Each structure stands twice: as structure tokens, then as C-alpha cells.
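# Structure at a glance
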Amino acid sequence: MLVEIKNLSKFFIQKAGHKFTALSHVNLKVRQGEFVALLGPSGCGKTTLLNIIAGLDHPSAGQAAVDGKTVHGPGPDRVVVFQESALFPWLTSVQNVEFGLKVAGIEAKTRRRKALEYLQMVQLSQFAGEFPHQLSGGMRQRLAMARALVMNPKILLMDEPFAALDEQTRGKLQGDLGEIWENTGKTIIFVTHNIREALIMADRVCIFATGPGRIKRELFIPIPRPRNPEDTRLLLMEKQVREILREEIARVNPGERKNIQEPADEGIISSLERRIGAISRGSWM
Ligand SMILES: Nc1ncnc2c1ncn2[C@@H]1O[C@H](COP(=O)(O)OP(=O)(O)O)[C@@H](O)[C@H]1O
Ligand SMILES: [Mg+2]
């Protein structure tokens, strides 16, 4: 097993010494080459778990292991891509991608060649000489992906990487990441609070619950790729996930609702409900 989380809990000491349980008894196994989504409302501990796997934080109890070894800190086998990627503003695209290779002591020619290769993978070849501020949000996230992938990590840890993008750009990047995943065979752990994104992208979705943060359900998505967002099987799974999450959201701050139920989803869901109605009336197919 590539990643194994065993009975992991995480406490934070908050104001007035209050001990807050961010994660409670989490168990998770991720196989080499798998694409797993961690889905749940904000505050359920997704980032905390990702950071622990990355070695940027440590568990209070239990264990996180990669390749059979307990995680004690960051390593070259794991790279994180964040929502707002901290690209170096004073470096061009190609220099940003090269940076990690330079730190790793790779000689100039080789690292330039590799950086250009990965820029091509994320369709940014034309923008090799541009600075991050000259790129769109979607292009910056592509650049962040190239910068992560060029290090050839075993595991790509992605924390809501497309959350700040408009719907169309997000859809395009989801498709591209899916292709990159298929072509490179990377293991991807992808955090999102967007149900459709989790279902379109992942082999398996871990649905989190809050109070305390934990994995409530795991759902396999046995639908071949490329997946059509309008696929009835996906729409039915979306409804199922939404119901699981609805119970959760009701227990949290109602203000969190918007994180899960985006207005654009409503049309899909009502059309889905009509279709389900058609199925139950026997008029399906
Ligand atoms: N360093 C910290 N100190 C105190 N509380 C924290 C810290 N990091 C996260 N938390 C709390 O832990 C919970 C889970 O946070 P997080 O993992 O960021 O959730 P998510 O990524 O699912 O939105 C939240 O309630 C958050 O306030
Ligand atoms: Mg988070």
C-alpha cells in the first residue's frame, strides 16, 4: 500500500487551552496509481489530513505511512499543489518549473529541457518566458502542476487546486489533470468540497463528516473515463453524496451550505429528480 493512514487523530489547542479534535480515528489506504478525492464541507479536516500526509504537520495519535514508512516530514516522493499556488513572481514560467530541479542540483541544460517538457505537458510552452502575473488563474494552476510534476513525485497532493477558477477553466483543468494522471500513472490525493469535481475525477471518494472530522463513507466510482458530467450514473451518485453531506451540513453552520450547494447545481439536480421520477414511474428507457 502506498499510503496508509491508521487510526489517525489530530487535536489542536485553541483559545483558552481548549482541545479541538480536527480529525478522529481516520483510516485510509491509497494504492499506487489511484486517484482518491477527499470530499467534505470546510472545516472537516481535509487540509489537515493532506498536510499530515505531506509531512507538513504531524498526527496527535495514530500514524501516517508512505511506502511502509512513517511520515516524519516532507520528502521528494510527495508534492503539494495548493489553491493559490505560491509561484515565484520574479521568475518566469520556465524558471519557476526549474527551481526545484536547481535546488536538487540538476545541471542547467538538463533542468531546462525537463522544465520545457513539463510546460508542454500542461500546454504552457508558449508562455515559458512570461512571469506569473502575466498568466491567467488557470494558467498559474497549470504552472503549479508542472512545477510539482517535474520533481517526479510518487504522490501528488492537491488541496482544492481549482477552487478559485471559473467553471469553464475548472472543467478544462479537470480534464487535463485526468489525462496527465492517465499518462503518468501518478497517485493523486485530491481535496475538494465540490461533489461533481470529486465524482468526475476520482476512482474513489472519501466523504468526510465534521464534529469531529472523520471519514464517514467511501464510494467507488466504477465509471470509465473520460466521464461525461451528464452521465446518469454520475448524477445518481451525486444525489447520493449530496444526501450524505446534507446531513453533515445541517449539523454545521448553515453559512457553510453554499460551499456544497452551488447555484449551478440546482438545475442538474432538479432534472435528475425528474429523471428519477421517470424511473420510478416506469417510463425510463
Ligand atoms: N493550526 C491550527 N490551529 C487550530 N485549529 C486549526 C488549525 N488548523 C486547522 N484547525 C481547525 O481544524 C479544523 C479542520 O481544518 P482544515 O483541515 O483546514 O479543514 P478543511 O480543509 O476541511 O476545510 C477547522 O475547524 C480548523 O479551524
Ligand atoms: Mg482546506
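Before going into details, it helps to say that this report is about the structure given with it. The shown structure was predicted, so the numbers you read here are calculated from the model rather than taken from an experiment. (Residues numbered from 1 in each chain as written. Chains lettered and ligands numbered in written order. Predicted model: local features only at pLDDT ≥ 70, side-chain atom pairs only at ≥ 80, totals over all residues. Heavy atoms only, no water.)

All right, on to the overall build of the protein chain then. The secondary structure content of the protein chain amounts to nine helices and 10 strands. A burial count over the protein chain gives 50% of its 285 residues as buried. Of all intrachain contacts in the protein chain linking residues separated by at least 6 positions in sequence, the fraction that spans at least 24 positions is 68%. Surface summary for the protein chain: the accessible area is close to 13700 Å², and the carbon and sulfur share equals 54%. (Helix = DSSP H or I, 4+ residues; strand = E, 2+ residues; numbered from the N terminus. Buried < 20%, exposed > 50% of the residue type's maximum accessible area, 1.4 Å probe, protein only. Contact = heavy atoms within 4.5 Å. Areas by Shrake-Rupley, 256 points an atom, 1.4 Å probe, with all protein chains shown as cover.)

The next point concerns the sheet that holds strand β3 (residues 35-39). Pairing within the open sheet is mixed, and its six strands lie in the order β6-β7-β8-β3-β9-β10. In this open sheet, the two strands that pair with only one neighbour each are β6 (78-81) and β10 (214-220). Taking the axes of each pair of neighbouring strands and ignoring which way they run, one obtains an average angle of 20° across the sheet. Alignment of strand β7 (residues 155-159) against strand β8 (residues 187-192), held across five bridges, turns out to be parallel. (Pairing = 2+ DSSP bridges. Axes fitted to C-alpha atoms, helices over the stretch in contact; angles between N-to-C directions.)

Right, let's get into the packing of aromatic side chains. Under the defined criterion, the tally for this structure stands at five aromatic pairs. Where Phe35 meets Phe190, the ring centres are 5.9 Å apart and the plane angle is 40°; that geometry is what we call tilted. Taken together, the residues Phe35 in strand β3 and Phe190 in strand β8 connect sequence positions 155 residues apart. By the burial criterion, Phe35 is buried, and Phe190 matches it. The ring of Phe11 has Lys19 lying over it, and the distance from NZ or CZ to the ring centre is 4.1 Å. (Phe/Tyr/Trp six-rings, centres within 6.5 Å; stacked < 30°, edge-to-face > 60°. Lys NZ or Arg CZ within 6 Å of the ring centre and 35° of its normal.)

With that settled, consider the site of ligand 1. Surrounding ligand 1, one finds Phe12, Gln14, Phe20, Ala22, Pro41, Ser42, Gly43, Cys44, Gly45, Lys46, Thr47 and Thr48. Contacts to ligand 1 include Lys46, whose side-chain N or O atom sits 2.9 Å from an oxygen atom. Contact between ligand 1 and Thr48: an oxygen atom at 2.5 Å from a side-chain N or O atom of the residue. Burial of ligand 1 by the surrounding chains reaches 62%, relative to a free accessible area of 560 Å². Of all the secondary structure elements, the ones that give two or more residues to the shell around ligand 1 are β2 (19-30) and α1 (46-54). (Near = heavy atom within 4 Å. Polar contact = N/O pair within 3.5 Å; in protein donor to acceptor, adjacent residues only side chain to side chain.)

It is worth spelling out the nonpolar core at this point. Counting 50 residues, the largest nonpolar core has Leu177 and Val205 as the members making the most contacts within it. Here this core takes seven residues from helix α4 (residues 137-149), the largest share from any one element. Lining this core are residues from two domains, each supplying at least three of them: domain 1 (3-77 + 153-280) and domain 2 (87-152). If we ignore the near neighbours within four places in the chain, the residues touching Val205 are Ala37, Leu39, Ala198, Leu199, Arg217, Glu218, Leu219 and Ile221. Counting 27 residues, the second largest nonpolar core, distinct from the first, contains Leu2, Val3, Leu50 and Val191. (Core = buried A, V, L, I, M, F, W, Y, C linked by side-chain atoms within 4.5 Å. Domains from an automatic or database assignment.)

Here the focus is the pattern of salt bridges. Oppositely charged side chains can form a pair if their charged atoms are brought close together. Applying the stated criterion across every chain, the model contains 17 salt bridges. In this structure, the salt-bridge partner of Asp67 is Lys154, at a minimum N-O distance of 2.3 Å. With Asp67 in the loop between β4 (61-66) and β5 (69-70) and Lys154 in the loop between α4 and β7, this residue pair connects regions lying 87 residues apart in the sequence. Residue classification places Lys154 among the partly exposed residues on the basis of a relative accessible area of 35%. Between Arg142 and Asp176 there is a salt bridge, with the nearest N and O atoms lying 2.7 Å from each other. Here the residue Arg142 occupies a position in helix α4, and Asp176 occupies one in helix α5 (residues 167-184), the gap between them amounting to 34 residues. On the accessibility criterion, Arg142 (8% relative accessible area) is buried. Taken together, the salt bridges that share partners define one network made up of Arg31, Glu34, Arg204 and Glu218. (Salt bridge = Lys/Arg side-chain N within 4 Å of Asp/Glu carboxyl O.)

At a closest axis distance of 10 Å, the pairing of α4 and α5 adopts a crossing angle of 20°. Overall, the two elements α4 and α5 adopt an arrangement that is roughly parallel. Taken as a pair, α4 and α5 cross one another with a handedness that is right-handed. Residue-level contacts link Gly138, Gln141, Arg142, Met145 and Leu149 of α4 to Thr169, Lys172, Leu173, Asp176, Leu177 and Ile180 of α5. The residue inventory of the contact of α4 with α5, partitioned by class, reads five nonpolar, three polar and three charged. (Parallel < 35°, antiparallel > 145°, perpendicular 65-115°, else oblique. Left-handed = near helix turned anticlockwise from the far one by under 90°. Nonpolar A, V, L, I, M, F, W, Y, C, P; charged D, E, K, R; others polar.)

All we've got here are geometric facts, nothing functional implied.
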